[in-house]
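Read off the chains here:
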Amino acid sequence: MSGEAQQPDSAAVREHLEALQDQICQAFEDFERAAGSDTRFDARTLENERGGVGRPRVLSDGLVFERAAVNSTYARGPSLPPAATADRPQLAGRSFEAVSLSLITHPVNPYVPTSHANWRFFIAYDEGGSAPLWWFGGGFDLTPYYPEEEDVVHWHRTAKASCDPFGADLYRRYKEECDEYFHLPHRGEARGVGGLFFDDLTHLGDDEPNSAAAFSRCFAFVRSVSEHYLPAYLPIVERRKGTPYGERHRDFQLYRRGRYAEFNLAFDRGTRYGLQAGARAESVLASMPPRALGRYDWSPETDSEEARLERDFLPPRDWV
């Protein structure tokens, strides 16, 4: 993107996210093809009466991915749903546009981490004629079951590389926000090993919030973060997808997936927003693990391979 300032442009954001959606789906299908699977994404285009367009892409029962959902959405309407105005009561009743790409992977092999990413853009219009208000949000995070330090370090170094051109402090700030957001307060533990999370992004540096210059820089930043997701994740999948595992490892993976489901249903803002906005429930809930296991009052044996996760990886750390 050039350095020239530009007005908020939801069409440009939508074009980028839909192109990235296609690229990510192709990368995941390439893994399936290399593994000898003919599993492909169920690709649909769904339109509604208000001009919104959903492009759900869901891959199920592959040899590498038990489920991968890579869904893009363009929405518009006369008023924002409650989940989008909870912290912005002044925007209630305004018309809006929203563009998002949200993805989740639930791999077959317990040594391959689950990954999640989301990038979104909102514009709220004022019928009185004042300038629209807009904001970006997004990031990506990693949820391993049998983590390897080199994988987590690679993930965070790639996340840092996506932020560095836009400010020396951005990685640290958004890593800390990720650690705070993807946390299960009732368990007192992190969902995974984090990554990046940002919301309500209206400017970077000294740019005036919601200005044309701010939009240009913020969009460039979101492009950088989103384009670093595949370089962060694909090498980990490649390294771990062939690791031998047994019933014990699969059992632990399903147990930890239960934690993932708890977070999605109880705390995830995107899930609440999608359901409140009347989005297609199948698309919103495609992020749920296809299989999970509930156990009552269970803990791994001390010094076991399973105990390493909670002891050495879930507490927030400086990975770079």
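Scoring rules and cut-offs
Residues numbered from 1 in each chain as written. Predicted model: local features only at pLDDT ≥ 70, side-chain atom pairs only at ≥ 80, totals over all residues. Heavy atoms only, no water. Helix = DSSP H or I, 4+ residues; strand = E, 2+ residues; numbered from the N terminus. Rg over C-alpha atoms; globule rule 2.2 N^0.38 Å. Buried < 20%, exposed > 50% of the residue type's maximum accessible area, 1.4 Å probe, protein only. Lys, Arg positive; Asp, Glu negative; His and termini not counted. Charge placed at Lys NZ, Arg CZ, Asp CG, Glu CD. 1 Å grid on protein atoms, 1.4 Å probe; cavity = no way out; pocket = protein on both sides within 12 Å on 5 of 7 lines; lining within 4 Å. Points joined across faces, edges and corners; volume = space filled by probe spheres on them. Nonpolar A, V, L, I, M, F, W, Y, C, P; charged D, E, K, R; others polar. Phe/Tyr/Trp six-rings, centres within 6.5 Å; stacked < 30°, edge-to-face > 60°. Salt bridge = Lys/Arg side-chain N within 4 Å of Asp/Glu carboxyl O. Patch = residues over 30% accessible without salt bridge, like charges linked within 9 Å, V, L, I, M, F, W, Y side chains within 5 Å. Areas by Shrake-Rupley, 256 points an atom, 1.4 Å probe, with all protein chains shown as cover. Contact = heavy atoms within 4.5 Å.

Novice: What should I look at first to understand the overall build of the chain in this one?
Specialist: A tally of helices and strands in the chain yields 10 helices and 11 strands. Its C-alpha atoms give the chain a radius of gyration of 20 Å, near enough to 20 Å, the size a compact globule of 320 residues would have. Along the first, second and third principal axes, the C-alpha atoms of the chain reach 60 × 40 × 40 Å. Looking at the 320 residues of the chain, the share that counts as buried comes to 53%. In the chain, which carries 37 positive and 50 negative side-chain charges, the distance between the mean positions of the two groups comes to 2 Å.

Novice: Help me out: how do you make sense of the layout of surface pockets in this one?
Specialist: The rolling of a water-molecule-sized probe over the atoms marks out the regions of remaining empty space. As a volume, the second largest pocket reaches approximately 200 Å³. In terms of lining residues, the second largest pocket is bounded by 13 residues, among which Val 58, Arg 280, Glu 282, Ser 283 and Ala 286 are the most central. For the lining of the second largest pocket, the secondary structure elements donating two or more residues are strand S4 (57–60) and helix H9 (281–284). Split by residue class, the lining of the second largest pocket holds five nonpolar, two polar and six charged.

Novice: Explanation requested: the packing of aromatic side chains in the structure shown.
Specialist: To describe a pair of aromatic rings, one takes the distance between the centres and the angle between the planes. Under the definition given, this model contains 34 aromatic pairs. When the ring of Phe 122 is compared with that of Trp 135, the centres are 5.4 Å apart and the planes differ by 20 degrees; the resulting orientation is stacked. Of this pair, Phe 122 sits in strand S7 (residues 114–124) while Trp 135 is found in strand S8 (residues 133–143), placing the two residues 13 residues apart along the sequence. Using a relative accessible area of 8% as the deciding quantity, one classes Phe 122 as buried. By relative accessible area, Trp 135 is classed as buried at 5%. A ring pair is formed by Trp 155 and Tyr 233, whose centres lie 6.4 Å apart and whose planes are at 80 degrees; its orientation type is edge-to-face. Note that Trp 155 is positioned in helix H3 (residues 149–163) and Tyr 233 in helix H6 (residues 229–240), a separation of 78 residues in sequence. Members of the aromatic cluster, each reached through a chain of ring pairs, are Phe 28, Phe 31, Phe 65, Trp 119, Phe 140, Trp 155, Tyr 229 and Tyr 233.

Novice: In this structure, what is going on with the pattern of salt bridges? I would like to understand it.
Specialist: One side chain can pair with another of opposite charge once the charged atoms of both are near each other. Evaluated as defined, the whole model comprises 28 salt bridges. Where Arg 173 meets Asp 169, a salt bridge forms, and the shortest distance between an N and an O atom there is 2.7 Å. Residue classification places Arg 173 among the partly exposed positions, given a relative accessible area of 36%. Among the residues examined, Asp 169 registers a relative accessible area of 41% and is labelled partly exposed. Between Asp 207 and Arg 217 there is a salt bridge; the shortest N-O distance is 3.0 Å. Here Arg 217 lies in helix H5 (residues 212–227) and Asp 207 lies in the loop between strand S11 (194–201) and H5, a separation of 10 residues in the sequence. The exposure class assigned to Asp 207 is buried, which follows from its relative accessible area of 19%. The network of salt bridges with shared partners includes Glu 66, Arg 250, Arg 257 and Arg 291.

Novice: Please clarify how a nonpolar patch on the surface should be interpreted in this entry.
Specialist: The grouping of Leu 265, Leu 275 and Leu 285 at the surface amounts to a nonpolar patch, some 280 Å² of accessible area in total. Assignment of secondary structure puts Leu 275 in helix H8 (residues 269–276). You can call Leu 275 partly exposed: its relative accessible area is 45%.

Novice: So what exactly am I meant to see when it comes to empty space enclosed by the protein here?
Specialist: Taken as a whole and assessed by the stated rule, the structure comprises two cavities of 30 Å³ or more. When its volume is computed, the largest cavity comes out at roughly 90 Å³. Considering the residues around the largest cavity, the lining is formed by 17 residues, among which Asp 179, Ala 190, Gly 192, Val 193 and Gly 194 are closest to the centre. Within the residue set of the lining of the largest cavity, elements represented by two or more residues are S8 and helix H4 (170–181). If you tally residues by element for the lining of the largest cavity, the top one is S8, at three residues. A class-by-class count of the residues in the lining of the largest cavity yields 10 nonpolar, three polar and four charged. Residue classes in the lining of the second largest cavity are distributed as seven nonpolar, no polar and three charged.

Novice: Even after reading the chapter, I still don't get the environment of Cys 25, so can you show me in this structure?
Specialist: Mapped onto the elements of the fold, Cys 25 is located in helix H1 (residues 10–34). The class for Cys 25 is buried, based on a relative accessible area of 7%. C-alpha separation for the pair Cys 25 and Arg 57, spaced 32 residues apart in sequence, amounts to 7.8 Å. Residue contacts for Cys 25: discarding those within four places in its chain leaves Phe 41, Arg 57 and Val 70.

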